[in-house]
Amino acid sequence: VPGGVRPRCQPPSHPRFLAGPQIVLSVYGPDFFGHDVVRGYGAVHVPFVPGRHKRTIAMFVPESSSRLQQLTSWFTGRRPEFTDPRVVAQGEGREVTRVRSQGFVTVSFNIM
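Given the structure is predicted, the values throughout are model-derived calculations rather than measurements.

### Description of the pairing of strand S3 (residues 36-45)
Taken together, the nine bridges between strand S2 (residues 22-30) and S3 define a ladder with antiparallel strand orientation. Looking at S3, one finds that Leu 25 is bridged to Gly 42. Here S2 folds back onto S3, and the loop between the two strands holds five residues, one of which, Gly 34, carries a positive phi near 90°.

Okay, here's the thing in structure tokens:
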């Protein structure tokens with residue numbers, strides 16, 4: 001996928017919460033040393049109503065929990081990242097994960 005954006009569709013995060021499918025974005029790009037690192041994660045619910053819809057997704061990246069880990073990850077090119085996209089889609093447990101805001105992505109839906 002061009003630009004390093006890897007979309008994934010996720011089912012509703014909880015059976016009682018019928019919000020419909022989500023698109024989970026994982027954006028990757030090169031760092032200073034040319035390593036492919038995560039540039040941001042975000043999720044948005046797909047609209048049900050027919051028509052054209054525009055959504056702005058707030059992107060975020062996980063952060064290391066200590067200065068030593070930040071320095072080590074910068075030198076090795078291994079930045080913190082989520083291994084399971086459900087963490088982004090559900091939000092459960094994210095309140096204990098350090099994250100930093102990383103901008104926005106705008107997507108357009110054409111629902112028929």
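This is not the end of the story, as more comes after the structure.
### Focus on the confidence of the model for the protein chain
Of the residues in the protein chain, 77% reach a pLDDT of 70 or more, and the chain-wide mean stands at 78. Taken element by element, the predicted model of the protein chain shows its lowest mean pLDDT in strand S1 (residues 5-10) (55) and its highest in strand S4 (residues 51-62) (92).

### Some thoughts on the layout of surface pockets
When its volume is computed, the largest pocket comes out at roughly 240 Å³. Along its surface, the largest pocket is lined by 13 residues, and Val 61, Pro 62, Arg 79, Pro 80 and Arg 100 are the ones closest to its centre. Residue assignment for the lining of the largest pocket shows that the elements contributing at least two residues are S3, S4, helix H1 (67-76) and strand S5 (99-111). Top element by residues in the lining of the largest pocket is H1. It accounts for three residues. Its residues assigned to classes, the lining of the largest pocket comprises five nonpolar, four polar and four charged.

### Remarks on the environment of Ala 43
Mapped onto the fold, Ala 43 is located in strand S3. Take Ala 43: its relative accessible area is 30%, and that puts it in the partly exposed class. Separated by 13 residues in the primary sequence, Ala 43 and Thr 56 place their C-alpha atoms 9.8 Å from one another.

Analysis parameters
Residues numbered from 1 in each chain as written. Predicted model: local features only at pLDDT ≥ 70, side-chain atom pairs only at ≥ 80, totals over all residues. Heavy atoms only, no water. Pairing = 2+ DSSP bridges. Helix = DSSP H or I, 4+ residues; strand = E, 2+ residues; numbered from the N terminus. pLDDT = per-residue confidence, 0-100. 1 Å grid on protein atoms, 1.4 Å probe; cavity = no way out; pocket = protein on both sides within 12 Å on 5 of 7 lines; lining within 4 Å. Points joined across faces, edges and corners; volume = space filled by probe spheres on them. Nonpolar A, V, L, I, M, F, W, Y, C, P; charged D, E, K, R; others polar. Buried < 20%, exposed > 50% of the residue type's maximum accessible area, 1.4 Å probe, protein only.

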